[in-house]
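Residue-level structural notes
Chain residues, written in single-letter form:
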Amino acid sequence: MKVLCNNLLYYEASELVKEALHFTSDPRIHKESSLLINVWNEIGNVYRYLHRRKEALGAYNFVEELIENEPLEESERAQSRRVVKRNLGILNREMGDYQKALALLKAASDSEPKDADILHNLAVLYFNLCRYEDAGRYLDRAVQMCPRALRSINRCRYLLSRSQVKLVVGNVDAGLADVKEAYELSPSDNYSFRYAVAANALSFYPQSADGQLFVAECQALIEKAVGEEDYLGSSPESIFCHYSLCLRLLRDGEVAKATRLFAPLWRRAQKGNYDWQIDYIRGWLHYAQHRDEGCWPMLLHAVEKIEMAIPTGSNVEFAPFWMRNTHEFQEFLGTVSLDLVKRGRLDSRELLAVYEFMNGREITTRILGDNTVISAVELFGRCMSNPKVQQWKTKIIFCIESEDEVGLVCFDLRSGTVGLLDLNSINVSELGEIKYRLQRALKEANPADLSRLDKKLSDWEKFSRHVGEAIAGCVQPGDLICFLPGRALSGLPLHLLLMPDGRFLIEWGIVKFAPNFTVLLETGKDRRMKPEDTITVVTVTKAADSETFRSNALKTGQCLIHLIEQHKYASAVSLNEQTADLFAVQSALRESSEILFLCHGTTAGPEKGYGICIASGGLLPPTILSVSEIPEHAQCILKWEDIAKSPSNFVSIACSSGVTELGKGGVRFGLEQTLFSSGTSLIISPQWDVSQECSLLWVQTFYEARAAHGLSIEKAYQSACLAVRKAHSHYYFWGPFIMNGVL
């Protein structure tokens, strides 16, 4: 049975199960405990391969009972436990209990570190969770343990899995080389396996002539196989081959051919619970054939399936990576929605749900706590019923990205109108270049001489005027302007857009940011301070900072505490220098109503985003922090993963701590990822590296406006920006801070 399943011969394996079940009723086998355990293990495996997971779980549970009750040598008992633990890990992975699956497979791997099959299954789990770096590491080890000389079917499986990891991380040539080797090693008479290998190749678009020839040969093989109805049947692998071919044809513009081949695929898929990719193909075919009325419902079905599969509950830690493999579909959804709205074929309010699906869906899952399909009608209703609508003239401006362009949308909460702004097409690639040059220029700026910076900012200022003119048609002075920047505009200082009258947008009105509608509309905690509330001021310098730098930071912290208590705005406590380690900071985050960080900032490494420098082990953070070179440096950085509970307001002057790094699928890496789901309503932090003098002046002005003059946090933010501008005219000094969070 095991050999048949490894070779994807599931029908034959299922027939053998029937014989095996009859065999297990024979009293003679019960005298052979090891044989009985192995047989039931393989019965469970076949059920699992056939997606009959309830029967598989029953078989594995029975194996566990046999292991504990049958007379076995202890070494044999231990080995049997490892095997069933691995199988239960795989089953839990397929059933969506990723936390349990990870624990089981890691335990099995720790027990048998040289078992390539366990490493492969652990890698597949990480791949399913879109944690590609972890998956690649385990797959490299599995492939190494299974030499090419053995021509093993297992090596082929490991190579195929590794090829997909390499593809999604952009290493196309190396990934295709793995597919080619798997194809060469696969048995020539095992058609099921060869078809599966060939189907994997259809995702690759190599530059080399040899690579293109190989992919073309694989496509021809799959096209031939798809015509053999009797052979392909309705197994998961045959459906995978079929939809891989359909997607390839659609990407290549061969709509008629894809349409013809999709009909039998759809018939097969309807026999079971089909994946979201099938609806993706259905929607694409409708769109390509100009059948607009059928296109959108199909795409919404795909969205619903994806959203319902996002890990929640005990598995929510995996949510940040979940959307990474939907990147292509999201771009297509953006393209279609923009086109249909422009042509009047789709209600523009649908763009609200499109944005929500494409941006920060992992944050939404943490906040809502369950799988919720967020409809445009629901989002529109929540926006219109928000109490802030009555207090402010609120405009929400958000963007929808397609593969090539960005569309800006304005939602007027007073009138309830949603519409695309009259804006010449913004090219995604060109916008990416503008953002890169802006961030690089700000990073390299010399505060003592900004003349060179001004020259480097010309592209940004041209873009700024262009967008400022476009939004001036829907925004008026005095409005509350909320930006949902999405992927394309995240990282840009949109509060500094140049308006037609020559003023900055922040001079027109209060400007806020939010990652998505869920955060913007979250009720959260009351942001107004009361005398019984606590504000914690955390001050941490670096080991090599000058005495003047250290003195300025500590003095400002004490001045702020005195200011807050003098005006009975709230109670205030300080957490300084070596005492501000992770444990102390986490306690402050849990117990405070507001927290202020007078600290340095730094990047915390890949998929960690920017964090805040804190003490560790009784020591101040080193001058240069490099997590990639010295992993122990991570202990000196407060990262999004470290935050379980946080106060209503989170204020930081740490360099670039307001930066959010964007991953595929709209995943947002940065402190906001867990802050908004841990109790925080508002984050105020800088988008670029700031000078100590200006940042301390800004934060003092901000708290004076609140504590001494009683301004709301929103008006105090605007007031602080404009007040610092009087002392330092260039927005490099007064413009880095953004206000991010709840409406």
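Residues numbered from 1 in each chain as written. Predicted model: local features only at pLDDT ≥ 70, side-chain atom pairs only at ≥ 80, totals over all residues. Heavy atoms only, no water.

Focus: the overall build of the chain
Stated precisely, the cut-off is as follows: Strands are runs of DSSP state E lasting at least two residues, helices are runs of H or I lasting at least four, and both sets are numbered from the N terminus onward. C-alpha atoms define the radius of gyration in this analysis, and the globule rule sets the expected value at 2.2 Å times the number of residues to the power 0.38. We call a residue buried when its accessible area falls under 20% of the maximum for its residue type, exposed when it is over 50%, and partly exposed in between, using a 1.4 Å probe and counting protein chains only. Whether two residues are in contact is decided by their heavy atoms: any pair within 4.5 Å suffices. Using the Shrake-Rupley algorithm and a 1.4 Å probe, accessible areas are obtained, with residue cover drawn only from the displayed protein chains. Residues counted as positive are Lys and Arg, residues counted as negative are Asp and Glu, and His and the chain ends are not counted. Just so you know, the charge point we use is NZ for Lys, CZ for Arg, CG for Asp and CD for Glu.
A tally of regular secondary structure across the chain gives 34 helices and 17 strands. For 743 residues, the compact-globule estimate of 2.2 N^0.38 gives 27 Å, and the chain sits close to it at 29 Å. By its C-alpha atoms, the chain is 90 × 65 × 50 Å across when sized along the principal axes. Among the 743 residues that make up the chain, the fraction classed as buried is 58%. Considering only contacts in the chain between residues 6 or more positions apart, those separated by 24 or more positions represent 70%. With an accessible surface of roughly 30800 Å², the chain has 51% of that area assigned to carbon and sulfur atoms. Taken together, the 81 basic and 92 acidic charged side chains of the chain have centroids lying 1 Å from each other.

Topic: the packing of aromatic side chains
For the record, the criterion: Two rings belonging to Phe, Tyr or Trp (six-membered ring only in the last case) form a pair when the distance between their centres is within 6.5 Å. Interplanar angles under 30 degrees mark stacking, angles over 60 mark edge-to-face geometry, and anything in between is tilted.
Counted according to the given criterion, the structure contains 29 aromatic pairs. On the numbers, 5.8 Å between centres and 85° between planes, the contact of Phe240 with Tyr243 is edge-to-face. With Phe240 and Tyr243 both in helix α14 (residues 236-251) and three residues apart, this pair spans about one turn of that helix. Note on Phe240: relative accessible area 25%, which makes it partly exposed. Accessibility expressed as a relative area gives 12% for Tyr243, which makes it buried. Taking 5.1 Å as the distance between ring centres and 20° as the angle between the ring planes, the aromatic pair formed by Trp698 and Phe702 counts as stacked. Placement of the pair is Trp698 and Phe702 together in helix α32 (residues 692-707), with a separation of four residues, close to one helical turn. A relative accessible area of 1% places Trp698 in the buried class. Members of the aromatic cluster, connected to one another through ring pairs, are Trp276, Tyr280, Trp284, Tyr287, Phe329, Phe332 and Phe357.

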